[in-house]
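A look at the structure
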Amino acid sequence: MRKLRKGIVLAGLLLSLLVFAACSNGEKDDGNADGKINVVTTIAQIAEPISIIGGDHVAVESLMGPGVDPHLYKATQGDIKKLEGSDIVFYSGLNLEGNMTEAFTRIGSKKPVLGISESIPTEKLLTDEDGAIDPHVWFDIELWKTSLEAATEELKKFAPEYADEFDANKESYFKMLDELLAESKDKLAQIPEGKRVLVTAHDAFGYFGRAYNIEVVGLQGLSTEDEIGITDIDDTINILMEYKIPAVFVESSINQNSIKAVIEGAGKQGLDVKLGGELYSDAMGDAGTEEGTYLGMYKHNVNTIHKALLGEGN
Ligand code: ZN
């Protein structure tokens, strides 16, 4: 059953030691050696768009790389140094990076540390049956624009001299996001309504489902800290049987065993369910590849789901 996340005391202790060490390096600087604003983010879904919006004036680094699960992530000593050395920290928030709360609070007393998705109006957020907020807001393009807008405003506050440039970059990037949304709607609408069921390992696609009218079944809850029971697997198999869903999906940052158990279980009951492919849920692809960008990651997911639920997967 769902467990409440606890702050990690050890991380806090470690952090205070490192904060103390870092303070001896002197005053905070307004940018790194090459004069750029040094931005550190938790997830790459923030880092990559901010590198576009910030343009030449920012150097952006994401702490969590491909395949990394933000729900379970704990800041390393190296991360703490990066956070300490940054000018601005952006995280997504809504308890996505639940084990880093302590670090954000401490570092936030010295520099702008912003949970960008906490700017989204509460009524637009999804909650689970226990009232926990779904933090996977980047899958609703409109909501993600709100988050990126909040980050852009923070950049403008930090460097008002570049405000016009940031706004112009943001506008042209948002235009691409609008196109992505329109394309995704067109494509996913091609899946017959009865087949619009997305089965994944954990419940990361609630906003995606809401945006494109797809029913979402996650074996695990909103956080990967939740446990998976046999009944979760059995219930999922029953849904697949009922709707004759052709495919289920694994996620790049999640162990594949639960989804494989579903495929196997369905097979025993005579339903041939295929592995529809790998989706990027909480992490993106490798930097330097298309899937390492927000737009590319999103398109990959849309194309993979489209192909598999139309029964064209392998
Ligand atoms: Zn997640």
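Everything in this summary refers to the structure shown in the same document. Model, not experiment: these values are computed from the prediction.

Turning to the overall build of the protein chain, a few remarks are in order. What the protein chain contains, in helices and strands, is ten helices and eight strands. Contacts spanning at least 24 positions in sequence make up 71% of the contacts within the protein chain whose residues lie at least 6 apart. As presented, the protein chain carries roughly 14,300 Å² of accessible surface, and 52% of it is formed by carbon and sulfur atoms.

Here we come to the nonpolar core. Ranked by size, the top nonpolar core spans 84 residues in total, and within it Ile 50, Phe 90, Trp 144, Phe 208, Tyr 294, Tyr 298 and Ile 305 carry the most contacts. Of the residues forming this core, the biggest block, eight residues, is contributed by helix 10 (residues 294-309). Each of domain 1 (37-184) and domain 2 (190-309) accounts for three or more of the residues forming this core. Contacts of Phe 90, omitting those with residues within four sequence positions, involve Val 39, Val 40, Thr 41, Thr 42, Ile 46, Ile 50, Leu 114, Ile 116, Ala 151, Glu 154 and Leu 155.

Taken together, the four strands give an open sheet; going across it, the order is 2-1-3-4, and neighbouring strands pair in parallel fashion. Only two strands of the sheet have a single neighbouring strand rather than two, namely strand 2 (58-62) and strand 4 (113-115). Strand-to-strand twist across the sheet, computed as the mean angle between neighbouring axes with direction ignored, equals 20°. For strand 1 (residues 37-41) and strand 2, the ladder comprises five bridges, and the chain directions are parallel. Bridged to Val 39 within strand 2 is Val 60.

Moving on, we come to the packing of aromatic side chains. Scanning all chains against the criterion turns up twelve aromatic pairs. With a centroid separation of 5.9 Å and an interplanar angle of 50°, the aromatic rings of Trp 138 and Phe 139 are classed as tilted. Comparing Trp 138 with Phe 139, the two get one shared label, buried. Its relative accessible area of 0% is what places Phe 139 among the buried residues. Here the aromatic residues Trp 138, Phe 139, Trp 144, Phe 205, Phe 208, Tyr 212, Tyr 294 and Tyr 298 are joined through ring pairs into a cluster of three or more.

Here the zinc ion is held by the protein donor atoms His 71 (NE2), His 136 (NE2), His 202 (NE2) and Asp 282 (OD), which lie 1.9 to 2.0 Å from it. Classification of the site at the zinc ion as tetrahedral follows from its four donor atoms and the range of 93 to 127° in their angles at the metal. Taken in chain order, the donor set of the zinc ion reads H-x64-H-x65-H-x79-D. Residue His 71 is found in the loop between strand 2 and helix 3 (77-85), and its partner Asp 282 is found in the loop between strand 8 (274-279) and helix 10; the two are separated by 211 residues along the sequence.

Moving on: the packing of helix 2 (residues 44-54) against helix 5 (residues 141-158). Two elements in contact, helix 2 and helix 5, have axes separated by 11 Å at closest approach and are oriented at 55°. In terms of orientation, helix 2 and helix 5 fall into the oblique class. In this structure, helix 2 crosses over helix 5, and the sense of that crossing is right-handed. Of the residues in helix 5, those in contact with Gln 45, Ile 46, Pro 49, Ile 50, Ile 53 and Gly 54 of helix 2 are Trp 144, Leu 148, Ala 151, Thr 152 and Leu 155. Taken together, the residues of the contact of helix 2 with helix 5 sort by class into eight nonpolar, three polar and no charged.

Criteria and cut-off values
- Residues numbered from 1 in each chain as written.
- Predicted model: local features only at pLDDT ≥ 70, side-chain atom pairs only at ≥ 80, totals over all residues.
- Heavy atoms only, no water.
- Helix = DSSP H or I, 4+ residues; strand = E, 2+ residues; numbered from the N terminus.
- Contact = heavy atoms within 4.5 Å.
- Areas by Shrake-Rupley, 256 points an atom, 1.4 Å probe, with all protein chains shown as cover.
- Core = buried A, V, L, I, M, F, W, Y, C linked by side-chain atoms within 4.5 Å.
- Buried < 20%, exposed > 50% of the residue type's maximum accessible area, 1.4 Å probe, protein only.
- Domains from an automatic or database assignment.
- Pairing = 2+ DSSP bridges.
- Axes fitted to C-alpha atoms, helices over the stretch in contact; angles between N-to-C directions.
- Phe/Tyr/Trp six-rings, centres within 6.5 Å; stacked < 30°, edge-to-face > 60°.
- Donors = N, O, S within 2.8 Å, 3.2 Å for Na, K, Ca; no water.
- Tetrahedral: all angles 85-135°; square planar, octahedral: opposite > 155°, others 65-115°.
- Parallel < 35°, antiparallel > 145°, perpendicular 65-115°, else oblique.
- Left-handed = near helix turned anticlockwise from the far one by under 90°.
- Nonpolar A, V, L, I, M, F, W, Y, C, P; charged D, E, K, R; others polar.

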